[in-house]
Amino acid sequence: MQDGYALELKHVSKNFGNVAANHDVSLNVRHGEILALLGENGSGKTTLMNMIAGIYYPDAGEIYINGERVMITSPKDAFYYGIGMVHQHFKLVDVFTATENIVLGIDNGEKFSLKSSAGKIREISSRYGFEIDPEKKIYNMSVSEKQTVEIVKVLYRGANLLILDEPTAVLTPQETRKLFEVLRKMRDDGKSIIIITHKMHEVLTISDRVAIMRKGEYIDTVETSGADEELLTEMMVGKKVSLNIDHPEPHDIRERLVVRNLSMTDGEGVRVLEDISFSVFGGEILGIAGIAGSGQRELLEAIAGLRRLDGGDIFYFDPKSGEKEDLRNKTPLQIREMGVRLSFVPEDRLGMGLAGNMDIVDNMMLRSYRKGRTLFVNRKNPHKLADKIVSELEVVTPNVNTPVRRLSGGNVQKVLVGREISSSPTVLMAAYPVRGLDINSSYTIYRLLNEQKSNGVAVIFVGEDLDVLLELCDRILVISSGKVSGILDARNTTKEEIGRMMTKTGGVDEND
Amino acid sequence: MKMTENATVGEKRSGRNEKRSKEPLLHITKRTDIPLSRAIIIRAVAVVSALVFGGIVTIFLTGDNPISIYVTIFEGAFGNSTRIWFTFQQIAILLCISLAVTPAFKMRFWNIGAEGQVLIGCLATAMCMFLLGDIMPTWLLILTMTVASIAAGIIWGVIPAVFKANWGTNETLFTLMMNYVAIQLIECFLKIADKSGSNTVGPDKLNNGWLPNLFGQQYLLNIVIVAVLTAVMYIYLKYTKQGYEISVVGESVNTAKYIGINVKKVIIRTMALSGAVCGLAGLLLVGGTSHSIDSNLADNRGFTAIMVSWLAKFNPIMMIFTTFLIVFLERGADEISSKFGLNSSFSDILTGIILFFIIGSEFFVQYQVHVNKNHRIFAKTRKER
């Protein structure tokens, strides 16, 4: 048995420019415990963990491992002290097998043998209950399998302290449960685990203690057994937050958008959408659930006129005249010129919805700059709109001439959603609109979507948090590998059912 | 974007069970905001350090008095009225080409073919003067020259743009290769126009179609044209819908598509504009300045212009200053190499030193360097498990 804490941080600080990402953080991790690190986006969780993993170096403060003062200046140092981090974005070589990825970069002077390595990997797997095929190539793996490889990779290197950065963000509820079982076994084996997440119910299920951070500062560590959701949220946000999303019954719904037998291939000829059919009604929120990368993005971009279809139809019903318009293979400009008020909040906010180096005013103009016959742009109305959005949605910015890239994630999203709503749309599509947003901003976005719904807008909401989908949406379309695996009534279904449909490979399974 | 890096300065000695490691000595962070006065001070310090360092190098390499060298640099550019006019003419031409490349670079289209676009404009002008000089009245000849040079520049700019827009070819290679084609076409013209085998066709053969003098000054018309062009380009980029579209495409092609901008059209249109202004620069060079043509007439200004444009962060007004700086240094450097009988490489060394300091100062304007005061050294030991 070793002395002291597995890890102890004393007065650690880290600044980026004038921003204090971490200020005077002191926390500790015991041997054989799971510590959840809880905090909103931008509260400095990942920065703190990156300092332990040797990616950043602290400006001030001390780090102790097993009671001994250490210096971690590179990821190599971190491995040396038995620290392994599993990042949110996997760092694997696609064309290599699991074993090849796991042993990659190890130089311990021993004779290199893939066979014995594979044996050692099997041994680790059976010890903790991983399901892993050492010979399988990464590109054939599902997201959860890739994650398993990442975890085994750090265990293989002898990690005693594992850091998992939002490991459940990409998993279905079933996969999450399986991951938690493995984590518990590792804990019982004496390993220490830090898990970063902002899903409250997961924190309560898996952790022994919870450390809370807010705006770069360490708030407190509490025993999980004595905590509940309200308490943790309050500590995390700094004030009481109502965690209820309005869920009014839709009324007076009329068919607005009909998608029929839509099929599409990507640039490489891989089929990304197959035979998709559904309708969206004005006055309701249709949720789209699915594992990330199942075709959600392509579907919305196809409707917005950004991609060419291989087959199928997209029809739009004008709410005033009731006329039917064919949107198939129209460009975004043609769609607008037809009088279809289609708003779209894309997943990649700065890469697609906004221009990062332009200021808020110029970003307001993106949709409207063509107005008028003159050669010149008119910045007067966009300026007014920018002022209005900044004040109504409480966008935190020095002024409206600040480049949007300088704003925080939540404020960027408010600018984008504000602009898209300002054109009084009849269809509003939003892809992961709360990803990376803090609790308050997220609830602002939910409120705005609900407002649009009650205005009779047909809202399409692509989300990842199933609890939110169930609370916010009226119907949920579940998509799996580019196919519709079902459309559910959100008021009469469960997370488990959605999770099961997310992994279903559709009617005919091609692989087996 | 978080732009903080930890520069690890210090060495590591590794043994089996013991390693020594140092804390990083330097810590570089990006400034979020810098007062204007401080930015000016940093740049002024850069200029002074450049002069001092250049002076030391001068003494070390040549033994000449650095102060008299600097005086000569100044005199080379502004010594008398002929030199002043010539300096301003050089500024006008370089500024014109810099304005030409700016819309393309703002669109993130890596047009390194300005050299060829200028040369083809030169060629079109010279051909009009050579072939039509004796059969057209001057006003009609000048009009024809203008149209021909601009059209030639447009063609040279649009060809790579069409390929880029439709088939995604690499515009850097494409525009670069177009330069060589333009050079070879001029060589071909030289062989045909001057059978004597000289490498240039001079004012004796291109004796009609000279751009008129304004108030008795040969270069004034060029300067006025470029001054107007600077203002127009500033307004075009900042206040017109087309200028706005260029910025959006440069920011993100996906955003441009998302709001319904026809990206292909914008790429081709912008490169046509770039080429047109380059062609115009060719007209000013042949018709307004040299009245002669050779394949080295553009004198690498198509490449220098890229530096001017980036240094000015694509702001046409700022480009006046960056062009001024570069032309001033070049003119002065020419002067010292002739007056002090120094090798021309020496003036390149001085120009290089000064540019290095000035461009390098931008790093300190954007980043802050902290020195880690308690630069601690630790022994690292590993407990055997």
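Everything discussed here concerns the structure shown above.
Computed from a prediction, not measured in an experiment: that's the story for all the values here. Per chain, the residues get numbers from 1 upward, laid out in the order the sequence is written. Chains carry letters and ligands carry numbers; both start at the beginning, A for chains and 1 for ligands, and go up in the order they are written. Totals for whole chains, interfaces and linings use every residue, but because this is a predicted model, local features are given only for residues with pLDDT of at least 70 and side-chain atom pairs only at 80 or more, for both listing and counting. The side-chain figures draw on all heavy atoms in the structure; neither hydrogens nor water molecules are used.

A. The arrangement of the overall build of chain A in detail. Secondary structure is summarised from DSSP: a helix means a run of H or I of at least four residues, a strand means a run of E of at least two, and numbering begins at the N terminus for each. Across its full length, chain A holds 17 helices and 20 strands. Expected size for 512 residues packed as a compact globule is a radius of gyration near 24 Å; at 25 Å, chain A falls within 12% of this value. Counting only C-alpha atoms, chain A reaches 75 × 55 × 45 Å along its principal axes. Considering only intrachain contacts with a sequence separation of at least 6, the fraction spanning at least 24 residues in chain A is 66%. Accessibility throughout is a Shrake-Rupley quantity obtained with a 1.4 Å probe, and a residue counts as covered only by protein chains that appear here. Working note: accessible area of chain A is about 22300 Å², and carbon and sulfur atoms make up 47% of it. Each radius of gyration is computed over the set of C-alpha atoms, and the globule rule expresses the reference value as 2.2 Å times the number of residues to the power 0.38. Only heavy atoms matter for contacts: two residues are in contact if any of them lie within 4.5 Å across the pair.

B. Region of the structure containing the pairing of strand β7 (residues 161-165) of chain A. Residue and element names in this part refer to chain A. Using a 1.4 Å probe on the protein chains alone, a residue whose accessible area is under 20% of its type maximum counts as buried, one over 50% counts as exposed, and one in between counts as partly exposed. When you tally the buried positions in β7, you get five out of five residues, the bulk of the element. Alignment of strand β6 (residues 83-86) against β7, held across four bridges, turns out to be parallel. Across the sheet, residue Gly84 finds its bridge partner in β7, namely Leu162. Note that β7 and strand β8 (residues 192-197) share five bridges and pair parallel. Residue pairing for β8: Asp165 is matched across the bridge by Ile196. Should DSSP find at least two bridges between two strands, the strands are taken to pair.

C. Spatial organisation of the environment of Tyr446(A). Residues and elements named next belong to chain A. Its location among the elements puts Tyr446 in helix α15 (residues 439-454). By relative accessible area, Tyr446 is classed as buried at 5%. Here Tyr446 is in contact with Ile245, Val434, Phe461, Val468 and Leu472, once residues within four sequence places are set aside.

D. Structural detail: the sheet that holds strand β19 (residues 475-480) of chain A. Residues and elements named next belong to chain A. Strand order across the open sheet formed by six strands is β16-β17-β18-β13-β19-β20, with mixed pairing between neighbours. Every interior strand has two partners, whereas the edge strands, β16 (342-345) and β20 (483-489), have only one. For this sheet, the mean angle separating the axes of adjacent strands, direction not counted, is 15 degrees. Of the strand pairs in this sheet, β16 and strand β17 (residues 427-431) are connected by four bridges, and their pairing is parallel. Along β17, the bridge assignment pairs Val345 with Ala430. Packed on one face of the sheet, helix α9 (residues 296-303) meets β13 (285-289), β16, β17, β18 (458-462) and β19 and runs near 150 degrees to β17. For helices, the axis comes from a line fit to the C-alpha atoms of the stretch in contact; other axes are also lines fit to C-alpha atoms, and the angle between any two N-to-C directions lies between 0 and 180 degrees. On top of the sheet, helix α14 (residues 409-422) reaches β16 and β17; it is set at about 175 degrees to β16, its chief contact.

E. Examining the environment of Ile476(A) more closely. Residues and elements named next belong to chain A. In this fold, Ile476 is placed in strand β19. Residue classification places Ile476 among the buried positions, given a relative accessible area of 0%. Residues Ile476 and Gly486, spaced ten residues apart in sequence, show a C-alpha to C-alpha distance of 8.2 Å. Excluding its chain neighbours within four sequence positions, the residues that come into contact with Ile476 are Gly287, Ala289, Leu469, Leu470, Gly486, Ile487, Leu488, Ala490 and Ile498.

F. The pattern of salt bridges, seen in detail. Residues and elements named next belong to chain A. The term salt bridge refers to a side-chain nitrogen of Lys or Arg lying within 4 Å of a carboxyl oxygen of Asp or Glu. One pass over the structure, following the stated rule, counts 29 salt bridges over all chains. The closest approach of N and O atoms between Arg271 and Asp310, which form a salt bridge, is 3.8 Å. One end of the pair, Arg271, is in strand β12 (residues 271-282); the other, Asp310, is in the loop between α9 and β14 (311-317), and 39 residues separate them in sequence. For Arg271, a relative accessible area of 43% puts it in the partly exposed group. Using a relative accessible area of 41% as the deciding quantity, one classes Asp310 as partly exposed.

G. Just the pairing of strand β9 (residues 209-214) of chain A, in detail. Residues and elements named next belong to chain A. Burial within β9 is extensive, with five of its six residues counted as buried. When strand β3 (residues 34-38) meets β9, the two strands line up parallel, connected through four bridges. Within β9, the residue paired with Leu35 across the bridge is Arg209. Linking β9 back to strand β10 (residues 217-223) in an antiparallel pair, the connection comprises two residues, with Lys215 at a positive phi of about 50 degrees.

H. Representation of the side chain of Thr230(B) in the model. Among the secondary structure elements, Thr230(B) is positioned in helix α7 (residues 220-239). Polar contacts involving the side chain of Thr230(B) include one to the main-chain carbonyl oxygen of Val226(B), which spans 2.7 Å. We call two N or O atoms a polar contact when they sit within 3.5 Å, provided that within protein one can donate a hydrogen and the other can accept it, with sequence-adjacent residues counted only if both atoms are side-chain atoms.

I. Up close: the sheet that holds β12(A). All names here are of chain A. As summarised here, the arrangement of the four strands in space is β12-β11-β14-β15, forming an open sheet in which the pairing is antiparallel. For this open sheet the edge positions go to β12 and β15 (324-326), each flanked by a neighbour on one side alone. Between one strand axis and the next, the sheet turns through 20 degrees on average, direction left out of account. Where strand β11 (residues 254-265) lies against β14, five bridges are found, and the strand directions are antiparallel. Looking at the pairing, Ser263 lines up with Gly311 of β14. Relative to the sheet, α9 contacts β11, β12 and β14, its axis offset from that of β12 by approximately 60 degrees.

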